[in-house]
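Descriptive structure summary
Now for the letters of each chain:
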Amino acid sequence: MSNGKEKIAIIGAGLGGAVAGALLQHAGFEVNVYEQAPSFSRLGAGIHMGPNVLKIFERIGVDKKVISISSTPSHWFSRDGITGEYTARVPLVGYGQTYCTVHRGDLQAIQCDALQPGTLHFGKKLARLDDNGTDVLIEFEDGTSVRADIVIGADGINSRVRETLLGAEKPNYSGWVGHRALISSDKLKKYDLTFEDCVKWWGPDRHMMVYYTTARRDEYYYVTGVPHPAWEFDSAFVGSSRDEMAAAFKGYHPIIQALIESTDEVTKWPLFNRNPLPLWSKGRLVLLGDACHPMKPHMAQGAAMAIEDAAMLTRCLQETGINDFRTAFGLYETNRRDRATRVQSVSNANTFLLKQEDPAWVYGYDIYAEPLKSETAA
Ligand code: FAD
């Protein structure tokens, strides 16, 4: 690791931080990314990446690579969880790029590979930041430290950078958990049922979102939203079971029963959120993604918002240059706050695409085609 003064330090190499690093490096900035994990593993989870994100992936040259490993559904179906009746058939084509559903670990590997060699540092858990007005001292839990001109907090919902700006405050537990399971498609062959590419099964107070995570469609994935009064565990997730799933979805459609029956391993994740923050940056520190506007994941746009943040922040820094980071941070917030807050509130309400509606405001959005609103015009 360089001991010299660096330009930009990003804390967290999650879905937002890695893309921010790659975009800023493509724009010519000197960037290092610090990630607490010792390495990334292929945890059992999928993710949607909409056309709004693929337009950004083009800029770092990974769009084709992501498409080549993803399932690319033509529609998002919404169905009644009990009767199977269709409540919406929403086309996912025609928004200027491809709609992908993919394995989260595979996506993260592609994003990290887009960083310049030697600029992603694993095992670096941020302990403390000191913005002394001239630069920022960044101290890690392993006792090492670096300095940077600006620091981007892409360190997720429990962000240490957010805590430095706004004080310690736990996120709000939403009262819901998400179960996640990957199922080998081979296991589904025995059923005389159709397993659609991308379908959300809706119940009155719970749902199950289901899709393929590979281009070969050999891995099918479900993620739920199920009420659960309190999160009583310290860890990010805990194991669940087929029995727990069967109890949660008793009486639901035969396709859901087939998925539960075919489940070998299932995990359970608490869904947290926060109210919109009073500020997104202070001095030389700025936030993006879940550090800034976490949401319940029901629109499948949380990571997308982190990646859009990364694109807009890069655009603003290119506009002003790094020395005028204050103007860049102001522009960034002005050009991101309304959209991120809107997505956050629709996602938390869990109403998106339940009924037939036009999702063009989400998927048709091209962050590079938007005129940059100035701070005072907002
Ligand atoms: P993260 O991806 O959480 O990354 C933060 C990174 O910072 C992590 O790698 C972490 O290890 C690191 N870090 C944390 N603290 C420190 C520290 N002190 N020092 C150094 N590193 C640190 N979004 C979608 O767009 N589509 C979906 O389909 C979707 N499905 C979801 C399903 C579920 C069940 C859940 C819970 C979320 C889902 N999301 C989805 C939301 C999405 O996962 C998040 O919005 C997204 O990961 C946020 O990206 P981020 O980069 O801000 O944070």
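Just so it is clear, the model here is predicted, and its values are computed rather than measured. (Residues numbered from 1 in each chain as written. Predicted model: local features only at pLDDT ≥ 70, side-chain atom pairs only at ≥ 80, totals over all residues. Heavy atoms only, no water.)

Moving on, we come to unusual backbone geometry. One non-glycine residue, A300, lies in positive phi territory at about 60°. Looking at the element boundaries, A300 is found in the loop between β18 (285-287) and α8 (302-320). On the accessibility criterion, A300 (18% relative accessible area) is buried. (Helix = DSSP H or I, 4+ residues; strand = E, 2+ residues; numbered from the N terminus. Buried < 20%, exposed > 50% of the residue type's maximum accessible area, 1.4 Å probe, protein only.)

Another point: helix α9 (residues 325-349). Taking 1.5 Å as the rise per residue, α9 with 25 residues should run 36 Å; its terminal C-alpha atoms sit 35 Å apart, in good agreement. At R336, α9 is bent by approximately 40°, the largest bend along its length. The first or second residue beyond α9 is N350, which carries a positive phi of 55°. (Expected span 1.5 Å × (residues − 1). Bend = angle between axes of the 7 residues up to and from the residue.)

Within the largest apolar cluster, 89 residues are counted, with the highest numbers of intra-cluster contacts made by I8, M49, F57 and I138. Among the elements that take part in this core, α8 stands out by supplying ten residues, more than any other. Residues in contact with F57, not counting those within four places in the same chain, are V19, M49, V62, D63, V66, L107, Q111 and I307. (Core = buried A, V, L, I, M, F, W, Y, C linked by side-chain atoms within 4.5 Å. Contact = heavy atoms within 4.5 Å.)

This part is about the site of the ligand. Contacts to the ligand come from 30 residues, most closely from G16, E35, R104, D290 and A303. Here L126 contributes a backbone N or O atom positioned 2.9 Å from a nitrogen atom of the ligand. Looking at the shell around the ligand, the element that brings in the most residues is α8, giving four residues. Its residues assigned to classes, the shell around the ligand shows 13 nonpolar, ten polar and seven charged. (Near = heavy atom within 4 Å. Polar contact = N/O pair within 3.5 Å; in protein donor to acceptor, adjacent residues only side chain to side chain. Nonpolar A, V, L, I, M, F, W, Y, C, P; charged D, E, K, R; others polar.)

Turning our eyes to something else, we now look at the confidence of the model for the protein. Mean pLDDT over the protein stands at 95; residues scoring 70 or higher make up 97%. Counted against residues more than four places away or in other chains, residues 1-5, with its pLDDT under 50, gives eleven contacts. Per the prediction output, this complex has pTM 0.96; the corresponding ipTM is 0.97. (pLDDT = per-residue confidence, 0-100.)

Tallied over the entire structure, the rule returns 18 salt bridges. Ionic pairing is found between K124 and D142, a salt bridge with its closest N-O pair at 2.5 Å. Taken together, the positions of K124 in the loop between β7 (120-121) and β8 (126-131) and D142 in the loop between β9 (136-140) and β10 (145-153) put the pair 18 residues apart, joining distant regions of the chain. Overall, the relative accessible area of 9% leaves K124 in the buried class. Judged by relative accessible area, D142 falls into the partly exposed class, the value being 44%. Linked by salt bridges that have partners in common, E308, D309, R336 and R339 make up one network. (Salt bridge = Lys/Arg side-chain N within 4 Å of Asp/Glu carboxyl O.)

Within the secondary structure, R206 is located in the loop between β12 (198-202) and β13 (207-212). Classification of R206 as buried rests on a relative accessible area of 18%. Side-chain polar atoms of R206 contact the side chain of D205, separated by 2.9 Å. Within polar-contact distance, the side chain of R206 engages the backbone oxygen of A248 at 2.9 Å. Setting aside residues no more than four positions away along its own chain, R206 makes contact with W201, G225, V226, P227, A248, F249 and Y252.

Within a beta sheet, neighbouring strands are joined by backbone hydrogen bonds and run either parallel or antiparallel to one another. Strand order in the open sheet made by the eight strands is β5-β4-β12-β13-β14-β11-β16-β15, with mixed pairing throughout. Looking at strand neighbours, the two that pair on one side only are β5 (86-91) and β15 (238-239), the edges of this open sheet. Here β13 pairs with strand β14 (residues 219-227) via six bridges, running antiparallel. The partner of M208 across the bridge, within β14, is T224. Across the sheet, helix α7 (residues 254-261) touches β4 (75-80), β11 (172-184), β12, β13 and β14, and the angle it forms with β13 is around 70°. (Pairing = 2+ DSSP bridges. Axes fitted to C-alpha atoms, helices over the stretch in contact; angles between N-to-C directions.)

For I255, the position within the fold is in helix α7. Taking C-alpha positions, I255 is 9.9 Å from I82, a pair spaced 173 residues apart along the chain. In contact with I255, other than residues within four places in its own chain, are R79, L193, T194, F195 and W201.

Within the UniProt annotation, "domain: FAD-binding" (unreviewed entry) is assigned to residues 7-343. Between the C-alpha atoms that bound residues 7-343 the distance is 31 Å, and the span itself is 29% helix and 29% strand. (UniProt positions renumbered as here; feature names shortened; annotations may be inferred.)

This paragraph deals with the packing of helix α1 (residues 15-26) against α8. For any two helices packed against each other, one specifies the inter-axial angle together with the distance between the axes. The contact between α1 and α8 brings their axes to 8 Å, and the two run at 25°. Here α1 lies roughly parallel to α8, going by the angle between them. By crossing handedness, the relation of α1 to α8 is classed as right-handed. Facing L15, G16, V19, A20, L23 and L24 of α1, the residues of α8 in contact are A303, A306, I307, A310, A311, T314 and L317. Residues belonging to the contact of α1 with α8 are distributed by class as follows: eleven nonpolar, two polar and no charged. (Parallel < 35°, antiparallel > 145°, perpendicular 65-115°, else oblique. Left-handed = near helix turned anticlockwise from the far one by under 90°.)

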